[in-house]
Amino acid sequence: MTAALVLLTSSVRAEVLLSEDEIQQTLSFGPWPPSFQPDPSNRVSNDPRAIALGAALFDHPVLSIDGAFACASCHDPQQALTNSEARTFGRVILDRNTPSLRNLAGLRWYGWGGKSDNLWAASLHPIIEEQEMAHSKESLMRAISESTYIEDFEVIFGDVQSQDTEQVLVNIAKALSAYLETLVTERTQFDDFRDALERSDLAEAANYPEAAQRGLQLFLGRGNCAFCHNGPRFSNNEFHDAGVPYFLSETEVDDGRFGGLNFLLSSPYTLDGDWTDDPEKQGAWAVRNVRRSHSDFGTFRTPSLRGVAETAPYMHDGSLDDLDAVVRHYNEIDIERLHADGEAILSELNLSEQEIADLVEFLETLSGVTRP
Ligand code: HEC
Ligand code: HEC
């Protein structure tokens, strides 16, 4: 056994393939996990009681009008807080793929179209949205008052009868948000590689598979993926047209960021609104200054690639079944189809079969899933 191991290590001379410049770029994808900053717009952010209440409510059908399903019915904790459907059936079939709810603390925009600028608003909308849980403020107040959660709610937020129905809705959303902030993807093989590079420990870094290193080189270089998928979350968290068709049916389109902005700009639940707990309204400059333009039509928020191997299918409509299909989509992208004007970032890549496999292997190392 020992002899075989020695043989193996001496016959395979693993090395670091990256140039100095590529190493520097690689460091920008970490460190991981990020440090946690409580959300100033949510006074129960990081409060253990609120986190516990949020976790319990997330799992419980009390948040849907007919008690038919919970947040967890779509965002299944057993399936990386998403599910394997392209588009989940709520009350009707939803227009978009269910995102995995991890690494959401501190983002500027939420949702595929960015209709929220904070996490408690993004947690509030599904409760009252007609297609999802369909509560009214009144029915929610009744349901929570009659539920076993009322004691915990009152310990955290005070007497329910002294609050109006909108206050109750916002408070529940803030407890959910406190819980969601705690959901972070684990460290990965990629993080070990990145940290070894930072320590200039090339022997340790060389344990990262060469195929994944070649994939990373494509990700940074010819693929231009890091133009949008950058930083520790592998997302600039901005909106782009990645060439995914945006027709919902023959006559209907998903307007993406355009509709998201319409929603955001008329929402009472923004960082600039009355429901933030931050007297300084930090972060509100974004919603105050953002403008709608025609080029927002059919653009979607760049998804994080952390944990991506666990969250198939992909894209805003769940139209691509696996990571191989995603890489082939970018490889063969039809630039005639790109609809957002002014952005010529994507173009056909002409990758070989080997290069496609390398890029997929790289993407897989961004998940904690142990590979055989
Ligand atoms: C019927 C399925 C379904 C249910 C139930 C549901 N969601 Fe979602 N969730 C989705 C879909 C689909 C999206 C993407 C919507 C969009 O961006 O247009 C989403 C988006 C989100 C987002 C934004 C994530 C991001 O990356 O920006 C948050 C936060 C969220 N849901 C939280 C919740 C909470 C909390 C509940 C329970 C109160 C809930 N969801 C219930 C399907 C569901
Ligand atoms: C112009 C910005 C941009 C570039 C460049 C880009 N992406 Fe994306 N990526 C996006 C956006 C936006 C989406 C979501 C598109 C949609 O759903 O319509 C996306 C989606 C994805 C997804 C699916 C994630 C999920 O959870 O559904 C993967 C995987 C991905 N990109 C990998 C890559 C790779 C690999 C490259 C390089 C070959 C790349 N991207 C280049 C912006 C970009």
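Residues numbered from 1 in each chain as written. Chains lettered and ligands numbered in written order. Predicted model: local features only at pLDDT ≥ 70, side-chain atom pairs only at ≥ 80, totals over all residues. Heavy atoms only, no water.

1. Notes on the coordination of the iron atom of ligand 2
Ligation of the iron atom of ligand 2 by protein atoms is provided by His-229 (NE2) and Tyr-330 (OH), these donors lying 1.9 to 2.1 Å from the ion. Of note is the iron atom of ligand 2, whose six donor atoms meet at the metal with angles of 84 to 179° in an arrangement that counts as octahedral. Within this pair, whereas His-229 is found in the loop between helix H11 (210-220) and strand E1 (239-240), its partner Tyr-330 is found in helix H14 (residues 323-331), the two being separated by 101 residues in sequence. (Donors = N, O, S within 2.8 Å, 3.2 Å for Na, K, Ca; no water. Tetrahedral: all angles 85-135°; square planar, octahedral: opposite > 155°, others 65-115°. Helix = DSSP H or I, 4+ residues; strand = E, 2+ residues; numbered from the N terminus.)

2. What to know about the site of ligand 1
Looking at ligand 1, there are 27 residues lining it, with Cys-71, Cys-74, His-75, Gly-111 and Trp-112 nearest. Here a nitrogen atom of ligand 1 sits 2.9 Å away from a polar atom, N or O, in the side chain of His-75. In terms of residue count, helix H5 (residues 119-128) provides more of the shell around ligand 1 than any other element does, five residues in total. (Near = heavy atom within 4 Å. Polar contact = N/O pair within 3.5 Å; in protein donor to acceptor, adjacent residues only side chain to side chain.)

3. Regarding the side chain of Thr-98
One can find Thr-98 in the loop between helix H4 (71-74) and H5. Among all residues touching Thr-98, those that are not within four sequence positions of it are Cys-74, His-75, Thr-82, Asn-83 and Thr-88. (Contact = heavy atoms within 4.5 Å.)

4. With respect to the site of ligand 2
Around ligand 2, the surrounding shell holds 22 residues, and the nearest of these are Cys-225, Cys-228, His-229, His-316 and Tyr-330. His-229 is positioned with one of its side-chain polar atoms (N or O) 2.9 Å from a nitrogen atom of ligand 2. Here Tyr-330 contributes a side-chain N or O atom positioned 2.7 Å from a nitrogen atom of ligand 2. Per element, the largest residue contribution to the shell around ligand 2 is three residues, and it comes from H14.

5. What to know about the confidence of the model for the chain
The predicted structure's coordinates, where accompanied by low pLDDT, should not be read in detail. Mean pLDDT over the chain stands at 92; residues scoring 70 or higher make up 94%. pLDDT under 50 marks residues 1-7. Its contacts with residues more than four places away, or in other chains, come to zero contacts. (pLDDT = per-residue confidence, 0-100.)

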